[in-house]
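Survey of secondary and tertiary structure
What follows is each chain in one-letter form.
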Amino acid sequence: MTQSVVVQVGQCGNQVGCRFWDLALREHSHVNKKGIYDEALSSFFRNVDSRLMSSLQAVLVDMEEGVVNEILQGPLRELFDSTQLITDVSGSGNNWAVGHWTYGSAYREQIVDQLRRAAEHCDCLQCFFLIHSMGGGTGSGLGTCVLKLLEEEFPEVCRIVTSVYPSAEDDVVTSPYNSVLAMRELTEHADCVLPVENQSLVDIVNKIKHMSHSGKPGSVIKKDSAIISGQGGVSGAEKPFDAMNNIVANLLLNITSSARFEGSLNMDLNEIAMNLVPFPRLHYLVPSLTPLYTLADVNIPTRRLDQMFTDAFSKDHQLIRADPKHSLYLACALMVRGNVQVSDLRRNIERLKPMLPFVSWNQEGWKTGLCSVPPVGHSHSLLALANNTCVKSTFMELRDRFTKLYRKKAHMHHYLHVDGMEQGCFTEAISSLSSLIEEYSQLDATKDRLMPDAARLNIAT
Amino acid sequence: MSIVTVQLGQCGNQVGQELFEVISNDANDTQRKVYSECSSERFFNETANRELVARSVLIDMEPKVISQSIAKTAKSGKWRYGDRSHFSQKQGSGNNWANGYCVHGPRHEEVVMDIVRREVEHCDCLAGIVAMMSVAGGTGSGVGTYVTQCLRDAYPNSFILNHLTWPYGTGEVIVQNYNSVLTLSHLYQLSDAILVHENDTVHKICAQLMNIKHISFRDVNKVIAHQLGSVLQPALTGDSHGIYNRNPIGELMSSLVCHPEYKLLSVCNIPQVSSSSMAYSMFTWPGLLKHLRQMLIANSKMEEGIDWQVRAPSLQPEGIKRTGSHRRPGFNTSLANLLILRGKDVNNAEISGFQHPSLYTPWLPADEAFSMWKTPVPFNKYEKSAILVSNSQTLLRPLDNMVGKAWNMFASRAYIHQYTKFGISEEDFLDSFTSLEQVISSYSQL
């Protein structure tokens, strides 16, 4: 069984991270009724002593204490060892340069130490999950610094980054700078990035609330449902971003489900990177999760099962706002959990394929996985990860917002004052983003053209 | 003589387990003691406490599938796997052939070959080794190829049969075509024969013949195991004089693989019906054989939907060589065929339809191209079953598709960085493509 280590950086990263641990614990206690430390648990938890309360393979980093303190006072406190927490007092002031250069160098040793410790506890470390936001200072700056450290210290371990991108109406004025500066690091140093937009999460949460209040029979949200918040979870009362963070936490749970539980077609984390990243820099994967709500009846007839597949490709279920159906798919992965058979999977792929434009050299570009253990409260679920050129539009918007500020040199002095930061960082970052967009555009251009098959080798007979 | 099976990767292990299930059920079922004992000796080792231990080595780069298999069989009580006959790691091969072949294979070579050696030593006499794997993933394909190489080096005089499962055409793994091309091109040099099952075909059998509504991988694996078991279980060859054939693998090779350029074998097995309709079905040898022959020449894998319009080309008068222009469209030319008949009244079966020279390529005389085994013992509850193992053009189209898709992807160099980082270069890819184009060309000209 492989292990993963979660590194949560900044306010957003830590809040999402905690929701993740909450859900993971709930999922495992649901499956593992006897409370014995088993193989599945070992993927994220290590056995400290014979009690069930085992320790999380996590490193928590934040440059202000508010969030981490809450964790230490919350019900998950027994799971964290104080050495796993790296904190400071004053925060990064929404400044990427402070996060990346100032705190990055100040805490470098401590962070590397903690990472090494976490890695040593693992029998077989397969993956680092980094959770952070892009718009702020700590998550964005220090988070990407940690990403670089991970690549230096553990080059063979896969790095999967969950990044929360700011929406256009973000209240942090400098979020475009922070995001673009962070993007460069992500493009260079991450193996896979799962971009998530707050606005999409809000939309999804509203949709769920709408479903539960609409009074439609059969659409009652089950108490145990892992999708909506802390009810039934360890933490209890719901806090403002909780519902949104839950969705992201579910994303992580589902990605790792096949590594933790058995199934007839296993899909490991290193397989995700292998299959979904055809060119090293194009590793931004659009996530979608279905179903968002449980239905009252357990034996869902096939029609509803197919609906789950259709939904996975609808814009409402995506975690970023983009339109994959009108862009080009480079690759797509379907991770199914629960009582779904290969014939259901094949039937749905056959059905959906004609509606989805795939790049000419990857017409059958599907990676599939079947895990037999469904998430708590559902009978089955589906996670779709698409490497699609539609992320280009998200990046272009980001670039526009950046350019608006950069042209006026607004706020730049805050950044340039920081030791280690120079004008060059900005220009490099924006040119990295531009070339990334260009790579996606080139692939897009092939979309409607009928690409001839490459001429085959001629063998002398 | 005994067969040692090496199960590699998730698919190899899942199918392998079903294979032993089928064989053990079949052997237990029958009233014929000699058949039963021969089958047991071939596939199982009987311990001091009269337990049947499968002559099998289980290899995977991640532990879940093997632990499940071992637990399941231990529970059933009918047979089990050896306690020390398995090897697994934690990481998996990430669907990457290069990772399997260049990293995991060499890293674990000693341990794996040790286990194989022990299993081989348990055999009084080794008939051959059957390596079971898929071509789409990373372990079965990559590690499987490396292990086959080690087996070839360690047992240069033994027969090695590779059983391959080809993935669904519409994709199970995105890089499946790369992995398949690399596997096939290497195995062609190492293996004595390559027996192929395609998921697409077996899926159709489950859907249309067996009427399974929600087909699971378990159903697919069971059909594959049934077909493979029907080939490997004891049978009487033409000159075995009432004793069951000692070395089915050797005989398979000598009947079907007469030229090193032609190693791809496929299996057709009729009838295949759901267990509920078995009681109501009556089959006759003429009926079965007529269908089977048409399935061969029209390239159909099922009794349903056979194209009866396809006919064998008429023979030219003696002295005029048949050339390609006489080949009819849709006609599947064979290099060699092996017919296995199991069940009631076998001796009355009329098989001349399979011996006609028009079915075969002209450069091999028809009486050398056709062989037959039979046994009056019914297989796996089917009163009569007819199995055709053929070395023919059946796999030509799927192989060509697979190479075509892989080549298209290679032309854009997509995913190549994932392979080069483990040591497989673009040159290696080109070599593989070249060897497979050669195979395609050879089969096209049959």
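The rules behind the values
- Positions within a chain are numbered from 1, following the residues in the order the chain's sequence is written.
- Lettering for chains starts from A, numbering for ligands starts from 1, and both go in the order in which the items are written.
- pLDDT decides what is reported in this predicted model: residues at 70 or higher carry local features, side-chain atom pairs at 80 or more are listed and counted, and totals for whole chains, interfaces and linings draw on all residues regardless.
- Water and hydrogen atoms were dropped before computing side-chain values, which therefore reflect all heavy atoms in the structure.
- UniProt positions are given in the numbering used here, feature names are shortened, and annotations may be inferred rather than shown by experiment.
- Note on contacts: a residue pair is in contact if any heavy atoms of the two residues lie within 4.5 Å.
- Values labelled buried area give the accessible surface lost by two parts on being combined, using a 1.4 Å probe and summing over both.
- Put simply, a salt bridge is a Lys or Arg side-chain nitrogen that is within 4 Å of an Asp or Glu carboxyl oxygen.
- The term polar contact refers here to a pair of N or O atoms within 3.5 Å; inside protein, the definition further demands a hydrogen-donor-capable atom paired with an acceptor-capable atom, and it admits residues adjacent in sequence only when both atoms are side-chain atoms.
- A run of H or I in DSSP becomes a helix once it reaches four residues, and a run of E becomes a strand once it reaches two; helices and strands are each numbered from the N terminus.
- Think of it this way: DSSP has to see at least two bridges between two strands before they count as a pair.
- Each axis is a line fitted through C-alpha atoms, and for a helix only the stretch in contact is used; angles between axes span 0 to 180 degrees, taken between their N-to-C directions.
- Buried residues of nine kinds, namely Ala, Val, Leu, Ile, Met, Phe, Trp, Tyr and Cys, make up a nonpolar core once their side-chain atoms join them within 4.5 Å.
- Exposure classes here rest on a 1.4 Å probe applied to the protein chains alone. A residue is buried below 20% of its type maximum, exposed above 50%, and partly exposed in between.
- Place the viewer so that the strands point away; then a crossover is right-handed whenever the path from the first strand over the helix to the second strand goes clockwise.

Chain B has the name Tubulin delta chain in an unreviewed UniProt entry, where Oncorhynchus mykiss is given as its organism. Quoted straight from UniProt, the Function (unreviewed entry) entry for chain B says "Acts as a positive regulator of hedgehog signaling and regulates ciliary function."

The name that an unreviewed UniProt entry assigns to chain A is Tubulin epsilon 1, with the source organism given as Oncorhynchus mykiss. The record held by UniProt for chain A lists under Subcellular location (unreviewed entry) the comment "Cytoplasm, Cytoskeleton". Listed in UniProt under the heading Sequence similarities (unreviewed entry), the comment for chain A reads: "Belongs to the tubulin family."

Okay, the interface of chain A and chain B next. Listed per partner, the contact involves 53 residues of chain A and 51 residues of chain B. Buried surface at the junction of chain A and chain B, both sides included, amounts to about 4200 Å², of which 53% is carbon and sulfur. Our count for the contact surface shared by chain A and chain B stands at four salt bridges. Measuring nitrogen to oxygen at the nearest pair gives 3.4 Å for the salt bridge that ties A:Glu364 to B:Lys405. Our count for the chain A to chain B interface comes out at 27 residue pairs in polar contact (both at pLDDT 80 or more). Of all the secondary-structure elements, those providing two or more residues to the side of chain A that touches chain B are β6 (125-133), α8 (242-260), α9 (269-276), β10 (329-338), α11 (342-352) and β11 (366-371) of chain A.

So, on to the sheet that holds strand β7 (residues 159-166) of chain B. All names here are of chain B. Taken in spatial order, the 11 strands of this open sheet run β5-β4-β1-β6-β7-β8-β10-β13-β11-β12-β9, and their pairing is mixed. Edge positions in the sheet fall to β5 (86-88) and β9 (236-237), since each has one partner strand and no second. Pairing geometry for β9 and strand β12 (residues 370-375), over two bridges, is antiparallel. Counted as the bridge partner of leucine 236 is lysine 374 from β12. The strands that helix α7 (residues 176-190) touches are β6 (126-134), β7, β8 (193-198) and β10 (264-270); relative to β7, the one it contacts most, it runs at about 165 degrees.

A few words on the nonpolar core. A:Tyr284, A:Phe395, B:Tyr178, B:Val389 and B:Tyr419 are the most contacted members of the largest nonpolar core, which totals 298 residues. Ignoring any residue separated from it by four or fewer positions in sequence, one finds B:Val389 in contact with B:Leu195, B:Val231, B:Leu252, B:Leu256, B:Leu265, B:Ser266, B:Ala336, B:Asn337, B:Leu338 and B:Ile340.

This paragraph deals with the pairing of strand β4 (residues 58-62) of chain A. Residues and elements named next belong to chain A. Here β4 lies mainly inside the structure; five of its five residues are buried. Residues Ala58, Leu60 and Asp62 line one face of β4 and the alternating positions Val59 and Val61 line the opposite face, and both faces are buried. Pairing geometry for strand β1 (residues 3-9) and β4, over four bridges, is parallel. Following the sheet pairing, valine 6 is matched in β4 by alanine 58. Bridge count between β4 and strand β5 (residues 85-87): three bridges; the pairing is parallel. Bridge assignment links aspartate 62 to a residue of β5, and that residue is threonine 87. Note on the crossover from β4 through helix α2 (residues 66-73) to β5: the handedness is right-handed.

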